[in-house]
Amino acid sequence: MTGRSSHSHEHDGGEVSGAAVAGGLAAAAVAGPVVGVAAAGAAAYAATTNDGEAGDVARAAGAVVATAGSEAKELNERHHISERARDAAVSALETARDANERYGIVERAKDAGAAACQQIVRYENEHHVLQRIRQQTVEGIKIIGNKLRECRRDTTA
């Protein structure tokens, strides 16, 4: 028998971990993180134990992800992307802190939000908008119910 046996596969570790990453990310994007974790395990399992098409697909996806990861790592080492991004984020945070200290942005935003809430409450207390909406909704439901009863009577008569 040629190829890999179903129980003793020799795989590139990058293929298996890449398959887990690819399967996990794809499933997480579609169905959420819990399914993503389960799919990551299933993809890694398929890459290590399945001789069929599923195993081939998992290993191929894993190889692509592993290659992309290696290339990204090399690119980062050459151009110091992660360090530059970190430095830019730290600088932006410091600039935002300085602006906030100088102009009181956060405090002004809190004050504006509190004032807006007070205006909404005042308006509601004066005009009873929510109460009117509730009453109109109840009336609308009653009308719909009456119309449905009329239709039922018409079809049974």
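Rules of the game
Residues numbered from 1 in each chain as written. Predicted model: local features only at pLDDT ≥ 70, side-chain atom pairs only at ≥ 80, totals over all residues. Heavy atoms only, no water. Helix = DSSP H or I, 4+ residues; strand = E, 2+ residues; numbered from the N terminus. Contact = heavy atoms within 4.5 Å. Core = buried A, V, L, I, M, F, W, Y, C linked by side-chain atoms within 4.5 Å. Buried < 20%, exposed > 50% of the residue type's maximum accessible area, 1.4 Å probe, protein only. Axes fitted to C-alpha atoms, helices over the stretch in contact; angles between N-to-C directions. Parallel < 35°, antiparallel > 145°, perpendicular 65-115°, else oblique. Left-handed = near helix turned anticlockwise from the far one by under 90°.

1. Here's the deal with the environment of Gly14
Item 1. Considering the arrangement of structural elements, one finds Gly14 in helix α1 (residues 13–31).
Item 2. Each C-alpha atom, one on Gly14 and one on Gly62, is 6.7 Å from the other, the two residues being 48 residues apart in sequence.
Item 3. Leaving out residues up to four positions away in the same chain, Gly14 has contacts with Gly62 and Ala66.

2. Details of the nonpolar core
Item 1. Counting 9 residues, the largest nonpolar core consists of Val16, Ala19, Ala20, Ala40, Ala43, Ala44, Ala46, Ala47 and Ala58.
Item 2. Among the elements of the structure, α1 and α2 (33–49) are those that each provide at least two residues to this core.
Item 3. With 5 residues, α2 is the single largest residue contributor to this core.
Item 4. Setting aside its immediate chain neighbours within four residues, Ala19 contacts Ala43, Ala47, Ala58 and Gly62.

3. Some points on the packing of α2 against helix α3 (residues 53–79)
Item 1. In the contact formed by α2 and α3, the axes pass within 7 Å of each other and the chain directions differ by 110°. In terms of axis orientation, α2 runs roughly perpendicular to α3. The hand of the α2/α3 crossing is left-handed. Contact residues: Ala43, Ala46 and Ala47 in α2; Ala54, Gly55, Ala58 and Arg59 in α3.

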